[in-house]
Amino acid sequence: MLILKNIVKEYAAGNTTIKALKGINIDFRDNEFVSILGPPNAGKTTMLNIICGLDRYTSGNLSINGKPAKEFSYREWDDYRNNSIGLVLQSYSLISHETVLANVELIMKLSGVAKLERQVRAIEVLKKVNICDKFNKKPNQISYGEIKSVSIAKAIVNDPDILLVDDPIVTLDSETSIKIMGILKEISRDKLVIMVTHDFEIATKYSTRIIKLFEGKVIDDSNPYHVVVEKPVKPKDGKKEKGKKPSMSLLTALSLSANSLMNK
């Protein structure tokens, strides 16, 4: 499903060129829990940004479902980011004046999902991450650990194929960290979860595969995998067809804008 072949990423810094990634080769399984470890400036976040399409590589090839990413149109990139990737960042991306339920529903509004279906799906994923009685709370009315859980719910509500997580337990206490890692472990049973972390002990306990980066190179892979024949992956049964352009209705756009302006 996801293959990185000789990925190089270079940045211009004045008259010099910095190589953030120096030929990354990784084949990922459709469902596994991969932890990416390495010191600062090893290239972990850069690789994550390239996988989710927020940054472009200098050379090499990123293959998604059998198709080279360099052949993607703008529409295909938008569809990939909206429907195939779920992203959980260190800084939570929740809207402070919206409820927990409304925050999780928001990404489905962009995709044009009907209101009743949005609510059903949002409640379902919130229960999956153990947020069962705080649907109508605002982000500032719940704990930081619960905010992380809501961020995960928001990332998986569109049933993506891949969940990318950047240091999910940083600043969390040990009890909350165990809960968050348990949630990610459960999700990895039928999805690809890629987590950047600095915690080797946590990675060893929960991951099925640990990849270590150093100075832009892979220096160790605990459970390597190599695709023999690469074929396009068909959508899962019962899953909406990929490739549909996100569509937000005019009424929804006006409603969101008005709500934001009123709160400001």
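Residues numbered from 1 in each chain as written. Predicted model: local features only at pLDDT ≥ 70, side-chain atom pairs only at ≥ 80, totals over all residues. Heavy atoms only, no water.

A.B. asks: Summarise the pairing of strand β1 (residues 2-13); cite the residues concerned and give the values.
C.D. replies: Side-chain positions along a regular strand alternate between the two faces of the sheet. For β1 and strand β2 (residues 16-28), the ladder comprises 10 bridges, and the chain directions are antiparallel. Along β2, the bridge assignment pairs Leu 4 with Ile 26. Hairpin connection from β1 to β2: 2 residues lie between these consecutive antiparallel strands, with Gly 14 at a positive phi of about 65°. (Pairing = 2+ DSSP bridges. Helix = DSSP H or I, 4+ residues; strand = E, 2+ residues; numbered from the N terminus.)

A.B. asks: How would you explain helix α1 (residues 44-51) if you had to name every residue and give the values?
C.D. replies: Counted residue by residue, α1 has 6 buried out of 8 residues, so it is predominantly covered. Among the residues of α1, Lys 44, Thr 46, Met 47, Leu 48, Ile 50 and Ile 51 are the ones counted as buried. One or two positions beyond α1, positive phi appears at Gly 53, with a value near 80°. (Buried < 20%, exposed > 50% of the residue type's maximum accessible area, 1.4 Å probe, protein only.)

A.B. asks: Which residues make up the sheet that holds β2, and what values do they have?
C.D. replies: Here 4 strands make up an open sheet; going across it, the order is β2-β1-β4-β5 and the pairing antiparallel. Each edge of the open sheet carries a strand with a single partner, namely β2 and β5 (67-68).

A.B. asks: Provide a residue-level description of a nonpolar patch on the surface, including the pertinent values.
C.D. replies: There is a patch of nonpolar side chains on the surface, built from Leu 54, Leu 87 and Leu 89 and spanning about 250 Å² of accessible area. Take Leu 54: its relative accessible area is 56%, and that puts it in the exposed class. (Patch = residues over 30% accessible without salt bridge, like charges linked within 9 Å, V, L, I, M, F, W, Y side chains within 5 Å. Areas by Shrake-Rupley, 256 points an atom, 1.4 Å probe, with all protein chains shown as cover. Salt bridge = Lys/Arg side-chain N within 4 Å of Asp/Glu carboxyl O.)

A.B. asks: Tell me about the packing of aromatic side chains, and please be specific about residues and values.
C.D. replies: This structure, assessed with the given rule, holds 3 aromatic pairs. Relative to Tyr 80, the ring of Phe 72 has its centre 6.3 Å away and its plane inclined at 80°; by these criteria the two rings are edge-to-face. Here the two residues Phe 72 and Tyr 80 agree in accessibility, since each one is buried. Measuring from centroid to centroid gives 5.8 Å for Trp 77 and Tyr 80, while their planes differ by 70°, and the two rings are edge-to-face. Within this pair, Trp 77 and its partner Tyr 80 are both found in helix α2 (residues 74-84), separated by 3 residues, close to a single helical turn. (Phe/Tyr/Trp six-rings, centres within 6.5 Å; stacked < 30°, edge-to-face > 60°.)

A.B. asks: Quick rundown of the pattern of salt bridges? Include the residues and the values.
C.D. replies: Under the definition given, this model contains 13 salt bridges. Salt-bridge contacts for Glu 10 lead to Lys 19; the nearest nitrogen and oxygen are separated by 3.9 Å. Its relative accessible area of 30% is what places Glu 10 among the partly exposed residues. Of the charged contacts in the structure, one is a salt bridge between Lys 191 and Asp 159, with a shortest N-O distance of 2.4 Å. You can see Lys 191 sitting in the loop between α6 (174-187) and β8 (192-196) and its partner Asp 159 sitting in the loop between α5 (144-156) and β7 (162-166), a full 32 residues away along the chain.

A.B. asks: A description of helix α3 (residues 100-110) should follow, citing residues and the corresponding values.
C.D. replies: Because the α-helix completes a turn every 3.6 residues, residues three or four places apart line up on one side. Looking at α3, one finds that the buried residues are Val 100, Leu 101, Asn 103, Val 104, Glu 105, Met 108 and Lys 109. Note on α3: the residue one or two positions beyond its end, Gly 112, has a positive phi of about 75°.

A.B. asks: Which residues make up the packing of helix α4 (residues 115-128) against α5, and what values go with them?
C.D. replies: Across the interface, α4 lies against α5 with an axial gap of 9 Å and an inter-helix angle of 135°. One finds that α4 runs oblique with respect to α5. As for how α4 packs across α5, the hand of that crossing is right-handed. Contacts between α4 and α5 involve Val 125, Leu 126 and Lys 128 from the first element and Val 150, Ala 153 and Ile 156 from the second. Partitioning the contact of α4 with α5 into residue classes produces 5 nonpolar, no polar and 1 charged. (Axes fitted to C-alpha atoms, helices over the stretch in contact; angles between N-to-C directions. Parallel < 35°, antiparallel > 145°, perpendicular 65-115°, else oblique. Left-handed = near helix turned anticlockwise from the far one by under 90°. Contact = heavy atoms within 4.5 Å. Nonpolar A, V, L, I, M, F, W, Y, C, P; charged D, E, K, R; others polar.)

A.B. asks: Please give an account of the pairing of β7 that cites residues and values.
C.D. replies: Where burial is concerned, most of β7 is hidden: 5 out of the 5 residues are buried. Burial along β7 is two-sided: Ile 162, Leu 164 and Asp 166 facing one way and Leu 163 and Val 165 facing the other are all buried. Where strand β6 (residues 85-88) meets β7, 4 bridges bridge the pair, whose relative direction is parallel. Bridge pairing in β7 links Ile 85 to Ile 162.

In short, shape yes, function no, at least from these values alone.
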